[in-house]
Amino acid sequence: MESEKTSLGPGPRSRVTRRPQRAAYDRAAIYAILDSSVLCHIGFQAHGQTFVIPTAYGRKDDSLFLHGSAASRMLTNLAEGAPLCVTVSHVDGFVLAKSAFHHSLNYRSAVLFGTAYALEDEAEKMEALRVFMEHATPGRWETTRPPTSQELKGTAVLRFTIEEASAKIRTGPPIEDEADADLPVWSGVFPIEYARGAPVPAKESAPGHAPPAWGFRDLKPEF
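Residue positions are counted from 1 within each chain, in the order its sequence is given. Per-residue local features of the predicted model are confined to residues with pLDDT of at least 70, and side-chain atom pairs are confined, for both listing and counting, to 80 or more; whole-chain, interface and lining totals are unaffected and use all residues. For the side-chain quantities, the full set of heavy atoms in the structure was used; hydrogens and water were omitted.

Below, the discussion takes up the overall build of the protein chain. Assigned secondary structure in the protein chain consists of 4 helices and 9 strands. Helix and strand definitions follow DSSP, with helices as H or I runs of at least four residues and strands as E runs of at least two, each counted in order from the N terminus. Walking the protein chain from its N terminus toward its C terminus, one meets helices and strands in the order β-α-β-β-β-β-α-β-β-α-α-β-β. Principal-axis analysis of the C-alpha atoms gives the protein chain an extent of 70 × 50 × 35 Å. Looking at the 223 residues of the protein chain, the share that counts as buried comes to 40%. Pairs of residues are marked as contacts when any of their non-hydrogen atoms sit within 4.5 Å. Considering only contacts within the protein chain whose residues lie at least 6 apart along the sequence, 72% involve residues at least 24 apart. Summed over all atoms, the accessible surface of the protein chain reaches about 13,300 Å², with 57% contributed by carbon and sulfur. Across the protein chain, the centroid of the 24 positively charged side chains sits 3 Å from that of the 27 negatively charged ones. For every residue, the accessible area (1.4 Å probe, protein chains only) is compared with the maximum for its type, and the residue is labelled buried under 20%, exposed over 50%, or partly exposed between those bounds. Computed with the Shrake-Rupley method and a 1.4 Å probe, the accessible areas treat only the protein chains shown as cover for residues. In this count, Lys and Arg are taken as positive residues and Asp and Glu as negative ones, while His and the chain termini are left out. Every charge is mapped onto a representative atom, which is NZ of Lys, CZ of Arg, CG of Asp or CD of Glu.

Encoded structure:
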């Protein structure tokens, strides 16, 4: 269950030291970033090597759920309580200043620290997979065939518990040096928008059935 505490930091791992005025540690800000994406990057160490792997996720309360093949090297290495760093980020605009030095990005990012464990109970795995699907397409789980016991056995499901986290956010126009104010150079922001395309039915799609309403959460939430 989600903790009653409103903050996930700062802690020894999550404290933002560079541009700390852009940091946020409250759950509302961090979870808004998590809930507006389905892709994260997982950093971990295995066999003396550091890996950063992109993968999809679902969130419920203070947990992220990850899944993949039971033969997945990443999931196998993470299944026994490995310490992880998980990141989710959005680029919202290119920020063009009058000087090369002050060019930047508008962005939202979250960095999470915690541990992951494999779920073995069939009911827990089924619920985690439901959360995973509902994270991106609310209501879809109820319209599809649920996984069979054999499919569940072939699927590794991990629960990553968020122990501490931070968000970092930049918005707005470029920051200009006063000496550059009169330079004859265009400056401003090129916004980046993420658009949903029209659904493309598979050849096996049941005729006469409309696609579900695309329920993915707003890609630029207000918080």
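Moving on: the packing of aromatic side chains. Under the pairing criterion, centres of Phe, Tyr and Trp rings, with the six-membered ring standing for Trp, must be within 6.5 Å; the plane angle then separates stacked pairs below 30 degrees from edge-to-face pairs above 60, leaving the rest tilted. For the coordinates displayed, the defined rule picks out 2 aromatic pairs. For the ring pair Phe44 and Phe51, a centre distance of 5.5 Å and an interplane angle of 20 degrees mean the geometry is stacked. Owing to a relative accessible area of 5%, Phe44 belongs among the buried residues under this scheme. Judged by centre distance (5.5 Å) and plane angle (15 degrees), the ring pair of Trp186 and Phe190 falls under stacked. Owing to a relative accessible area of 53%, Trp186 belongs among the exposed residues under this scheme. With a relative accessible area of 45%, Phe190 lands in the partly exposed category. Geometrically, a lysine NZ or arginine CZ counts as sitting over a ring once it is within 6 Å of the ring centre and also within 35 degrees of the ring normal. For the cation-ring pair, Arg59 lies above Tyr31, with the distance from its terminal atom to the ring centre recorded as 4.0 Å.

Summarising the element assignment, Ile33 is placed in helix α1 (residues 27-35). You can call Ile33 buried: its relative accessible area is 0%. Each C-alpha atom of the pair Ile33 and His103 lies 23 Å from the other, and the pair is 70 residues apart in sequence. Excluding residues within four positions of it along the chain, Ile33 makes contact with Tyr57, Val88, His90, Arg108, Ser109, Ala110, Ala167 and Ile169.

By the bridge criterion, 3 bridges tie strand β2 (residues 39-46) to strand β6 (residues 80-96) in an arrangement that is antiparallel. Note that in β6 the partner of Gly43 across the bridge is Cys85. Across 4 bridges, the pairing between β6 and strand β9 (residues 188-191) is antiparallel. Within β9, the residue paired with Gly93 across the bridge is Pro191. Only strands joined by at least two bridges in the DSSP assignment are considered to pair.

Moving on to the pattern of salt bridges. Throughout this description, the term salt bridge denotes a Lys or Arg side-chain nitrogen within 4 Å of a carboxyl oxygen of Asp or Glu. With the rule as written, the count across this model stands at 8 salt bridges. Between Asp35 and Arg59 there is a salt bridge; the shortest N-O distance is 2.8 Å. Linking Asp35 in helix α1 with Arg59 in strand β4 (residues 58-60), this pair joins segments that are 24 residues apart in sequence. Exposure remark for Arg59: the relative accessible area of 15% places this residue in the buried category. Here Lys60 and Glu127 are joined by a salt bridge, their closest N and O atoms 3.5 Å apart. Residue Lys60 is found in strand β4, and its partner Glu127 is found in helix α3 (residues 122-136); the two are separated by 67 residues along the sequence.

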